[in-house]
Every structure is written in C-alpha cells, then in structure tokens.
Protein chains: 6
Amino acid sequence: MQRSDGRKNDELRPIEIIPGFQKHAEGSVLIKLGDTWVLCSATVENQVPPFLIDQGTGWITAEYSMLPRSTHTRTRRAQGGRGKEIQRLIGRALRAAADMSRLGPRMITVDCDVLQADGGTRVASITGGYVAVAMAVQGLIDSEALAKNTVLTDVLADPVAAISVGIVHGEPRLDLAYEEDSGASVDMNVVMTASGKLIEVQGTAEREPFGRTQLDAMLDLAASGIRQLCAAQQSVLDRRDRI
Amino acid sequence: MQRSDGRKNDELRPIEIIPGFQKHAEGSVLIKLGDTWVLCSATVENQVPPFLIDQGTGWITAEYSMLPRSTHTRTRRAQGGRGKEIQRLIGRALRAAADMSRLGPRMITVDCDVLQADGGTRVASITGGYVAVAMAVQGLIDSEALAKNTVLTDVLADPVAAISVGIVHGEPRLDLAYEEDSGASVDMNVVMTASGKLIEVQGTAEREPFGRTQLDAMLDLAASGIRQLCAAQQSVLDRRDRI
Amino acid sequence: MQRSDGRKNDELRPIEIIPGFQKHAEGSVLIKLGDTWVLCSATVENQVPPFLIDQGTGWITAEYSMLPRSTHTRTRRAQGGRGKEIQRLIGRALRAAADMSRLGPRMITVDCDVLQADGGTRVASITGGYVAVAMAVQGLIDSEALAKNTVLTDVLADPVAAISVGIVHGEPRLDLAYEEDSGASVDMNVVMTASGKLIEVQGTAEREPFGRTQLDAMLDLAASGIRQLCAAQQSVLDRRDRI
Amino acid sequence: MQRSDGRKNDELRPIEIIPGFQKHAEGSVLIKLGDTWVLCSATVENQVPPFLIDQGTGWITAEYSMLPRSTHTRTRRAQGGRGKEIQRLIGRALRAAADMSRLGPRMITVDCDVLQADGGTRVASITGGYVAVAMAVQGLIDSEALAKNTVLTDVLADPVAAISVGIVHGEPRLDLAYEEDSGASVDMNVVMTASGKLIEVQGTAEREPFGRTQLDAMLDLAASGIRQLCAAQQSVLDRRDRI
Amino acid sequence: MQRSDGRKNDELRPIEIIPGFQKHAEGSVLIKLGDTWVLCSATVENQVPPFLIDQGTGWITAEYSMLPRSTHTRTRRAQGGRGKEIQRLIGRALRAAADMSRLGPRMITVDCDVLQADGGTRVASITGGYVAVAMAVQGLIDSEALAKNTVLTDVLADPVAAISVGIVHGEPRLDLAYEEDSGASVDMNVVMTASGKLIEVQGTAEREPFGRTQLDAMLDLAASGIRQLCAAQQSVLDRRDRI
Amino acid sequence: MQRSDGRKNDELRPIEIIPGFQKHAEGSVLIKLGDTWVLCSATVENQVPPFLIDQGTGWITAEYSMLPRSTHTRTRRAQGGRGKEIQRLIGRALRAAADMSRLGPRMITVDCDVLQADGGTRVASITGGYVAVAMAVQGLIDSEALAKNTVLTDVLADPVAAISVGIVHGEPRLDLAYEEDSGASVDMNVVMTASGKLIEVQGTAEREPFGRTQLDAMLDLAASGIRQLCAAQQSVLDRRDRI
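Bear in mind the structure is a predicted one, so any value in this text is a computation, not a measurement.

Analysis parameters
- Residues numbered from 1 in each chain as written.
- Chains lettered and ligands numbered in written order.
- Predicted model: local features only at pLDDT ≥ 70, side-chain atom pairs only at ≥ 80, totals over all residues.
- Heavy atoms only, no water.
- Contact = heavy atoms within 4.5 Å.
- Buried area = accessible area lost by both parts, 1.4 Å probe.
- Salt bridge = Lys/Arg side-chain N within 4 Å of Asp/Glu carboxyl O.
- Helix = DSSP H or I, 4+ residues; strand = E, 2+ residues; numbered from the N terminus.
- Buried < 20%, exposed > 50% of the residue type's maximum accessible area, 1.4 Å probe, protein only.
- Phe/Tyr/Trp six-rings, centres within 6.5 Å; stacked < 30°, edge-to-face > 60°.
- Pairing = 2+ DSSP bridges.
- Axes fitted to C-alpha atoms, helices over the stretch in contact; angles between N-to-C directions.
- Expected span 1.5 Å × (residues − 1).
- 1 Å grid on protein atoms, 1.4 Å probe; cavity = no way out; pocket = protein on both sides within 12 Å on 5 of 7 lines; lining within 4 Å.
- Points joined across faces, edges and corners; volume = space filled by probe spheres on them.
- Nonpolar A, V, L, I, M, F, W, Y, C, P; charged D, E, K, R; others polar.

S.K.: I'd like a rundown of the interface of chain A and chain F, residues and numbers included.
M.R.: Chain A puts 30 residues into the contact, and the matching count from chain F is 30 residues. Summed over both sides, the interface of chain A with chain F buries roughly 2600 Å², with 48% coming from carbon and sulfur. Sorting the residues of chain A by area buried against chain F places H24, R69 and R74 of chain A first, and these three jointly supply 29% of that buried surface. With a closest N to O distance of 3.0 Å, R77 of chain A and D113 of chain F form a salt bridge.

Okay, here's the thing in structure tokens:
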C-alpha cells in the first residue's frame, strides 16, 4: 500500500540539520525531519546536580517542549506527563552517548523546542540534540576547558541517533509522519549508535499485539535509518567553519 | 555468576496474588513478587473522560504511587516525572488487554500503590492490575450491567502480564530484584499476552549499548516468565469463591 | 438502641497491631481497628528541621494520607485541608509523648497511610504511630546511637494512644465506625496517656450543641478505651523478638 | 502570679466590634480583642456548592488569612496547613449557629482577615464572623429575599461566640494574649452558644498533659467569657441604625 | 460634563494618611483616597536578595493584594497577573525614590493590602508606601543602624507619589474613581517626584487612541495632583511624635 | 556618543517579517528586529472567554514566552510576573487595533515565542503579532466566515505597531538593543497606530527621573520608528500570494 507522501517503506523523510541557529547557545541546531522541526540548544554550566557534587564527573540533561501552535490545533503550554516522559528519554539517550567523566564538573542542558510537529519529534530531538552536544563539547575543547589533548571522540566515541518505525496496514515502515503514526498498529522508537548498537527500544502496540518477526523487521528498518541520520550528523560536524 | 538470592538466570521470584485485599474496591489484589508488594485496586465509575463522551465505549486508566517508606530510604510524596511515566505504561498495557467497547460508558481506574519496593514495581503493577480489572469486569457481568450474555473473555480475550529482564555481569537474567537492577548494564520491561504476543517492549542501555543477540535472549527469558505469571493470574481468577 | 455491629456502647472494635510490616522502615506496624487499617512507618533521619539546627534536640513529625480506594467510593490523591489538619494532630500527639531532647539531632517522620477506612483513621494513626516510634527509638538504643544507658522509658515515659467517642441517638458511644460517625450528633477525638492524662481533646457538635454532662460521659468512655489500647501497644512492644 | 497586662485570670481583653467597616460587603465588622484585630466580611451569593445543588438549602463557609505584617516579624503570604485548619473551624462554628435551610439556595462566605495579631485570632474570627453573618441575614430579610415573615432568630436561634483559655504557670486563665499563649502548658479554644451549649472544644497540651479538673476549670472560665462576648455581639446588632 | 461625585476635573478626592496603623511594622500607614483604602506596611530585614549579596547595597520590594471583599463583588484570593504587574510597578517606583546604597545590606518589603477599592489602588499604594518606607528609614536612623550622621534626605532625597488621570467623555480628569475609570477612554498612571520629575508614565487607550495634546493635558493634571499628595506625605512625616 | 552597533540615534535595526513560518497556524510570522527574533502565531477558535458568551463579539488575547536559550545565559522555563505583564500588554495593544464585534463569537490567540532575544522583544511581539492577526482575519474573510462583504479594514482599520525608545548617555535613542537597554537611564515602550495615535505609553526611569522635554523627544523618535514598522507590515500583507 502506498504511503501518503509517496515514500518507500524504508525511506526517511528529507533531513536537514542547520547549525548555529541560536547565537547565544554553546551548541545549537535546527533539525528538520520533513515537516517536523525541532530547535535543539546545548547550554554548558559549570555546576552539576546535587547528587554529583564532588564526584569529578559531568552530567547531561534535556528539556522538551512544544510551541503551542506547532500542532494542528493549538496545544496549551502547561506540560503534562507526556512531555516529561519524552525529556527523560532524550536525556538518557544523550548520556549514553557520552563519557561524562571527561566533562569535569559541568552540566550540559539540551533544550529541545518543537517549532513544528509532524510525527517523530522525540527522535528528531535526540538526533539533533546529539549535534548540539557535540558542538558544545567541541567548544570546551577549543577553549582548552577540558583535560589537555582531549579530542571530541574521547567524550563522544560512538554517535547516537534515533528514529521511529511502525506497523501500518500490516507493513513495517520507517520514519512515520503524524498521519501514519496516528493510524499505526505498532509504534516503536529506536535509539542506536553509529556502530549499530542499541541504546533504547520502545515499542508499543497501539491497536494489536505484535510478534517477534515484526519486531525484527522494524529493528532492521531502524538500523538502516539510523545509519543515514548519523551520516547527516557527521556531515554537519565536519563543516567546522560553519559552526 | 551466582545471583545474590541464589536464583537461576531464568527463574522468577516467588509470586503470590492475594485477591480481595481492599474490601470497598470493585477489584483488588495485593501482588507479591518477592519483596516487591503492590496493592492494585480497580474502581468502576459510570462516566468516561471528556474525549469519549457519547462514543459508547469505555476506558481504562491507571495511577501509580509509592508509599514513602516502601523504599530503603524515605521517598517524598510529591510524584515526579518517573511516576507519571510508569502510570502511563500501566494504563496502555491494561487498555491493550481489553475490548473497551464492551464496557459501555464506564471508566475503570486502577490504583497501583507500592507498599514495598524491591525492583520490578511497574511490571508487578501490570500483572496484578490485570487481575483487579478482571475482578471488576466479572462484577459487572455478575450484576448484569453489561450486554446480555457477555462473558469475561469477550472483554478480556487474551490476558496480559509483564516482567523485567536485563543483562547483569554480561548474562541475560529474568526478573531483576532491586540490587541486580541497579547494577544491570541493560534493563528491559516486557508486556506480553498469555498467547505470547508483544504489547510493549522498553529496553534501556544503562551502562553500555547492547546487540540484537542480547535483545533476543532477553525476549526469550521474558516469554517464559510471562507464561508463569499468566498461570498465576488464571489460578486466582478460577478460585471464584474467594473473590 | 442497638449498635449496627452489635457492640456495647463502651466496647472497642477488635484491635490488632502487626509489627514489622514494611521491612525497610526503622519502625513499622499495620494497625487494624475493625475495618480501619492504617500502615504506620517511622523513619529516622540524622537531621532536624531548620528551626532546630544546633539546638541539640530532636523532632517528630507525621504525614497522613489515604489510598484512593481505602474509601467506599474512590477519593482523589490530591490532599486537601482535611489531611493536613489530621497530620498536624498526629504530629502533636506523638511529640507530646516523647522527650525529644533525648533523641539528639534526629528527626523521626511517621507516615500514616490508610489502606482501608471505616471511621477513626486519625486515632488509629496515633495509636499505631506511637508503636512505630517506640520501635524506631528502641532501634536507636540497640545500635547505641543515643546517650549511654538510655532506656526506652527515658524517651517515652508515658505511652500515648487515641480513640474517638461520640453521641449517637442521644447515647455516648466509644470508637465510632464510619456509619455511626456519619450519623453522630457529636464527634470527639481524645488523645490520652497510659497514665490517664489528657493530651488533646477535639469535640465537635456536628448536628446539635452538647452540654457539660455529655462531655463528661464521653471523656469517661474515652479513658476506658485508651487503657485497652495502651495494653495492646505494650503487648506488641514486649514481644521484642518479633520486632 | 500576675498576668503581663495586669488582667485577672478570668478577665477578657477590651472588646470592640465596629460594624460596617467594608462598605461593599453584605455584612462587615472589624473586631478588636485587645491588640488582635480581625476584619470579618460576609458575602452573599445566589449559588451553593456542587454537593448542595437542588437541595433547597444554603451554606456558610469561611476563609481565614493573616496580613503579612499582622505579626511581629513578617509572615509570607502563602497559606499553609494552619490557615486551612483554622478556616475549617470557623466555617463549622458558623454553620452550627444557623438553620441553613432557611437561607434558600444561597452561600454566605465569611472572610476573616487578620489585620493585627496578638493571640486569639481564630476565636475573634468566630465571634466577629457571627455578627457579619447576622448582618448579612438581616439584609436578606430586609430585602424580602427570604420566606415571608422570616425573622433573624428563625435563621440564627442561638448566637455563637468563641474564646481561648489555657493553663499558664499552673493557673487556668481566660483569653490568652500572644505572649501568654506561647508560654502556656495547655491551650484550649471553646466555641459556645449564648445559651451555654458547647459547639466545639479543642484543647491541646503544648508542654505537659492535663487532668480532668483542669479541663473543668478552663471550661468554666470559657463559659463566663462567652457570655460577655455574646452580650457585645447583641449590643452591635441592636444598634440597627448603625448597620 | 459633571463628575459623578461633583468634583472638578482637576480636583483630588479627599486624602487622608494615618500613620502607625499596624503596631508591629517598622513603618505603617493606612492611606485613604476617597473610598480607596490601602494599608501599607514596611518591613525591614537584615538580608538582601541573592543577586545583591556582598554588594553592600540594600533593596526595596513590594507586594500588593486586595482583600476579597474590598471590591463590589467578592474577588477570589489567588493572585493573577494583574496583581503581580501592580506590585512590580510599586517596587520600581519606591526604588526610584531611594538611594539604596545608603541602606546597607537590608531589604525593605512594602506590603500594600487594599482594604477597600474604589479606583486608583495602585497609585494610593505608591503614595502611601512612600510614607511607610520613610518611617522605616527614619527608624533605622533613630536606632543608629545607618552610617553616622545619615539624615532622611540622604536616603530619600526627592519624595515620590503617584496619581491616575484619564480622558472621560472627552475631558481630561484627575484621580478617577472606579465608576469613572471603567468608563474612561484613556487611563493613565503617573509616578512623579515632589520636584516634578517623571518616574513612570503608563497610559493606555481603553477605548480609542489618543493624541499628543491629550497626553500633555493629562500630564499637567497629574503634576498638580502629585504636588498636593507630596504635601500630604510631608505633613505626616513632619508630625514626628505621632509616628 | 556613538551607538555600539553604529546606528544613528533615530535609526531602527534591520527589520524582517517572514510570513507563513508555522504551517498549521491561521496566521504566522517570524519577525526579526536585528538579533531579536519572535515567532508570532495566531490561532482562531470558535469560542470566546466566559465573560463574552452570548455577547456576539470576539476577543483577542496573547501569550508570551522566551525559549530558555534565547538569552545570553539559560533562562528557566517557569514564567514569572514579567512574562505575564508583557503578554497583557501585547493583548491590550492587539485588541485596541481591532473592531472585535466584527469577528463574531471567535477568539484569536496570539502566541509570541522569543527564539532569540536582544532587546525589544515585547515591541517586536506587538508588531509581528499584528501581522499574524491580519493574516488570520484575512483567512476568515477568504473562507467567508465573517459577515458578507467584510473587508480587512473593517476589522483592522488602523494598523498597530510598537517600538522602544530611551535615554542613553543623556541622548534620546530609538529601538534599544539589549546592551543599550541595560544601560539606559529611561526606557519607554510606545504602541501607536499607523495614523500616529497613541495606544499605550510605558516609560520608566531606570536610573534617574526624566523631564517633559525628554518625554517629548522620545515620543517624536517613536513616531518616526512606528511609521517605518507599519510600512514593513503593510508590505508583507500586500504580498498576498506568499501568505
């Protein structure tokens, strides 16, 4: 069955990662995954949460919010349980990507603000948030704030990205847009490293339970999508002059 | 490597489901999974949330909370993001088990209150919560509130249970207790039906990413645990005289 | 006029105090006063509230809450003014029982969570809470945390318990269950020491004002009930091996 | 032992009740009990709380608050548990005074705002609040809003007032000012009708438990104080032209 | 066109400033501007907000609230955006009047509580609040808390007052009462010093835009009103024995 | 004295108004005033606030918020008094521009979210918000939702824009950027119509009081800036094909 936007089942929406969107932030990108646009900004502060004081290690945390009119109808500003759950996921994923002991007693806060929503805002937040973190860490290296001779891959050895997959009309599909997502029988978000290891798997049967074969097919699709996203991330980070 | 409580890697903790704990509730069980004790109560109300008014269908929702001294050190009462995330999971799992159109315009609220915590409180909540829902639905049938000739399996065709699995010291293990859980490199919660279909898979790399082989091993362990839990659920529901 | 459960006007409901219910707590009992069940847990922390810092004395405080389905119909979790008022009463009563200067700079927090409600939850909380505090203090003595040679009666010289009394159908009655309580013209809670001194008297005319003679009759009933409750407390504390 | 302000043990502070303080309110008095000043305003609204809709009866409720600088040092505006507990007491006392079925479907809200605090703010609120309610009810009668031929005593048959008593330096004393109150070993608030019946008795041992003899002595003092307060209330209500 | 209370367009309502209303406060006045009554109390504390710690300078802040029945119909207690906006204005105006570096590390909090509202509560708060601050500063001088030889005019060189003006029925008018205010096409609040300098101008077209000529006419009226208010302030402060 | 960015005292920063930024909104622009970027979105809903029900007229309201990293250092998300005050100003200004009786029973909510802040966010919100409202109203006209033959100027007869002015180093300056704003002795925001009438004037002496001459000079500067802003608004609205 044809996808509404004409994509193939294993095809990502057009991906664009625009670095340096907010001039004040230590790291900032606007990531566009089709019509899903998320502004990801990394802030570095020279303090850590109470439970890490005097531990000599750093921390990464995230906040997630949607602008009221990022959605089809206006959403009220008060954040409910859904938003908190998503920002916990983003924070876990970004922490899994980093060797936080290399940061020293610093906290990186990644704000993910959805300017426009069309499905997949949480995975776009992780994929874009990783680039914002990498920009912020590179800034610490450039200003010689970290231990001598630290390079980016000491802190961020294996990049992290995320994508959604699902079962729609009985078929496994990659990168669900809002319309597909709301009609999917299974919805799964996968966070994976560039080298193909799993960080987080969250699959939910929205309409009917699914079997192991379907799970495997979705994970295969996700792995191929993640490879493309990691390439897009790397391409932005390689263009050092633009950052 | 030996598990701290001497169990084999594929062995559940002792499971006990005590029906009828709270006399006022339409369905109530105290579920004990080792030292994890959760009081699950189902309340039936003749109203539905605003978005379902005049839709002719019912709804199931859940609330989750821990008593302050269910934990090693006292936890403050104000519920944070973690509690909300867990109760959303419980609600989704129980809704997936039921044909809610059979309930009529009724809402079942399942309160899961952790009396004692030793790992796995959310999966115990789902496993016990299912029994509380089944008791409440049976009560509706017994009082002839539902459509004529409705039987329990019309509403609850394929029972649902949940269990945690993880990777500890490199080995896949079933049903992590608190001490193992806090040392696990991967932690996964699996919600499954009695017939072996997946409802929800939530796996998180706490320390290091995991591969597909490890994912498969964990899912196999989960499936075997779920079968035992569903048997325990059924055994309680069969003892109709005690309910 | 006959009481609905057949008791005499001066008769308590069956009382049971089960020690050690929550394994993590420094002191814990499940108290059952008929169908009113309250889980009381005492937590010891090595800190005091701001106003007591560097005063060399300790503090005892209480929190009170009802599980949503402890009641006939489900009660929402958000605590209103009634709960706060009750926990202030419990805290005052337990502080009146103790010589807190003997505790050193420590705070004991007593959580009273109502598992099932059938009238008299606040007095059951005080009666059970006292035992939880005594268990926690005995634990401090056993671990030699208090001043040398301190014995339990140095800290808790005169045990404290509480009971409700009221005027129902014109007759003074002891220990009102929910059904009687909601029909009482006067409702009174009395906190008293084992030696018969008053700690707190809270009498309210729910339907019609009362005279001094009725007040005296209620206080006499309360005194006799308190003596029985203090005996039950003592019996639990004497079985040291079970604690 | 001499009282700090030279009063005898059975002597009230100077009492003044100034009617009509806030021009917009249906009933309003500024009550001064020594240096304790409370502004009591009664608002009549043609609606009742949800639980009374279509019951044909009215309701009386109260709110209590202290201005930040009514106290020796500045108190923050956020109302804690103490304020809620006090306003519940005021509401109960005023409801006990009235036959609310005579009000029709109307709610009277009594705002008690403490302009200056020197002990006894809750009892002054009840004593002044009764006058504000009486003024509001008289206004309903004057405007022919109530059933034909209704007179004030149909609604308010037996006036209500309140006073504090306590044990200071071992002696029972009437109407404690702040300084005495903070040094009292027992503190008791008594709400009573003009005809000498008890509405509410709240006695608390702040420092040491008390016996029945002391309780009786305090109740005797309270009864004599209440008689004087009820006379002051009546005197204001008799001066109809000033209201 | 005649004003409803018979005043001329350039005429203030009767102004009365009663010092020493709340006995506990370091500075306290009840200001009456016609039927608008505001209780202004200044509290001095030996601490400053976090951003001023170790700066050697003081701070002045304000809180503003209306008693529920200060208004024609009862207003609920929860303060909304309007109250916060007003208290920010009051704080700015009072800070502009003072050389806060002379206060040392002290904070003066001015509580403005509206006992009765009839238009102009925010300007009455500023005018009365200034006197309360002056009384508190004089108290610091009298107790030799400030630098040696400090006199009141060192701290408060140019007194500050405020008044409302507006366009009603096409005519500029001074000091709008509630009824006029709600019918005004333009409403403006002006904060000015005794020497005629502007501190704050807030003009809003409620119904139709206004031109520069109207603005000038309103500012002229305001200047004349401020002169009278500053004279009233000074007269109170000169009567040192009453303070 | 030279301005830090080289502008003349009467020169605006570069202004850009990009229509159609958020695809879901009924009206949406990204307005850039130098480095101040505000996303303004207008949402039309077929309901009005409670106080306007059955009045046959519409309403316009605004919400204002800053993204956490729109500022030099990260700002926490919880909105304080300042944000509420600003959104009240924006709402008043936009309501003053419209004949809301022409909207029918509809509410337009304008969300102003600051993506980047460099001074003047509230005036940019008003200037951009007006265009978003005009786009939304034009959409209602195009879809024939309003009364027959309604044209845009029936609803929005006289466009509205806003700009800041101030006194810096003794000189009146137009359109203060953040650095200038924080050093200004007077800061004033002016809301004006395209025809030169005043809607709102808010001038505050941050450091020292100001005279009438300075006020006049600032108002002259503001008028010239507003003319340019209204031209930019009109130019966007004229390019109908892009909207």
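Here the narrative resumes.
S.K.: Any chance you could break down the environment of C40 of chain C for me, citing the residues and the numbers?
M.R.: Residue and element names in this part refer to chain C. Among the secondary structure elements, C40 is positioned in strand 3 (residues 36-45). In this structure C40 comes out as buried when scored by relative accessible area, which is 0%. C40 sits 169 residues away from P209 along the chain, and the two C-alpha atoms are 34 Å apart. In contact with C40, other than residues within four places in its own chain, are G27, S28, V29, I31, D111, C112, A124, S125, G128, G129 and A132.

S.K.: So what's going on with the packing of aromatic side chains? Which residues, and what values?
M.R.: Tallied over the full model, the rule gives 12 aromatic pairs over all chains. Aromatic pair F21 of chain A and W37 of chain F: ring centres 5.5 Å apart, planes at 80°, arrangement edge-to-face. With F21 of chain A in the loop between strand 1 (15-19) and strand 2 (27-33) and W37 of chain F in strand 3 (residues 36-45), this pair bridges two chains. When sorted by exposure, F21 of chain A lands in the same class as W37 of chain F, which is buried.

S.K.: Help me get a handle on the sheet that holds strand 3 of chain C, residues and values and all.
M.R.: Two strands in a sheet stick together by hydrogen bonds in their backbones, pointing the same way (parallel) or opposite ways (antiparallel). All names here are of chain C. If you trace the 5 strands from one edge of the open sheet to the other, you get 1-2-3-5-4, paired in mixed fashion. Edge positions in the sheet fall to strand 1 (15-19) and strand 4 (59-66), since each has one partner strand and no second. Sheet twist, expressed as the mean angle between neighbouring strand axes with direction ignored, is 20°. When strand 4 meets strand 5 (residues 107-116), the two strands line up parallel, connected through 8 bridges.

S.K.: Describe helix 2 (residues 121-142) of chain B, listing the residues and the values that go with them.
M.R.: All names here are of chain B. Compared with an ideal rise of 1.5 Å per residue, which puts 22 residues at 32 Å, helix 2 spans 31 Å between its outermost C-alpha atoms and is within 8% of the ideal. Burial within helix 2 is extensive, with 20 of its 22 residues counted as buried. Immediately beyond the C-terminal end of helix 2, within one or two residues, lies E144, with a positive phi of roughly 60°.

S.K.: Describe the sheet that holds strand 5 (residues 107-116) of chain E, listing the residues and the values that go with them.
M.R.: All names here are of chain E. Strand order in this open sheet of 5 strands is 1-2-3-5-4, and the pairing throughout is mixed. At either margin of the open sheet sits one strand with a lone partner, and together these are strand 1 (15-19) and strand 4 (59-66). Strand-to-strand twist of the sheet, defined as the mean angle between neighbouring strand axes without regard to direction, takes the value 20°. Relative to strand 3 (residues 36-45), strand 2 (residues 27-33) runs antiparallel, the two sharing 7 bridges. Within strand 3, the position partnered with I31 by the bridge is V38. Here helix 2 (residues 121-142) sits on the sheet and contacts strand 1, strand 2, strand 3, strand 4 and strand 5; the angle it forms with strand 3, its principal contact strand, is near 35°.

S.K.: So what's going on with the pairing of strand 3 of chain F? Residues and values would help.
M.R.: All names here are of chain F. The buried fraction of strand 3 is high, at 9 of 10 residues. Hairpin geometry of strand 2 (residues 27-33) and strand 3 is characterised by an intervening segment of 2 residues between the two adjacent antiparallel strands and by a positive phi of about 60° at G34. Both strand 3 and strand 5 (residues 107-116) contribute to a ladder of 9 bridges, which runs antiparallel. The residue bridging C40 from the neighbouring strand is C112, located in strand 5.

S.K.: For empty space enclosed by the protein, give the residues involved together with the corresponding values.
M.R.: Per the counting criterion, the structure on display carries 2 cavities of 30 Å³ or more. Its volume calculated, the largest cavity comes out at about 40 Å³. In this structure, the largest cavity is lined by L67, P68 and R69 of chain A together with Q22, L39, S41, D111 and D113 of chain F. Looking at the lining of the largest cavity, its residues break down into 3 nonpolar, 2 polar and 3 charged. For the second largest cavity, the calculated volume is near 30 Å³. Taken together, Q22, L39, S41, D111 and D113 of chain D together with L67, P68 and R69 of chain E make up the full set of residues lining the second largest cavity. At the level of secondary structure, the elements contributing two or more residues to the lining of the second largest cavity comprise strand 3 (36-45) and strand 5 (107-116) of chain D. Taken together, the residues of the lining of the second largest cavity sort by class into 3 nonpolar, 2 polar and 3 charged.

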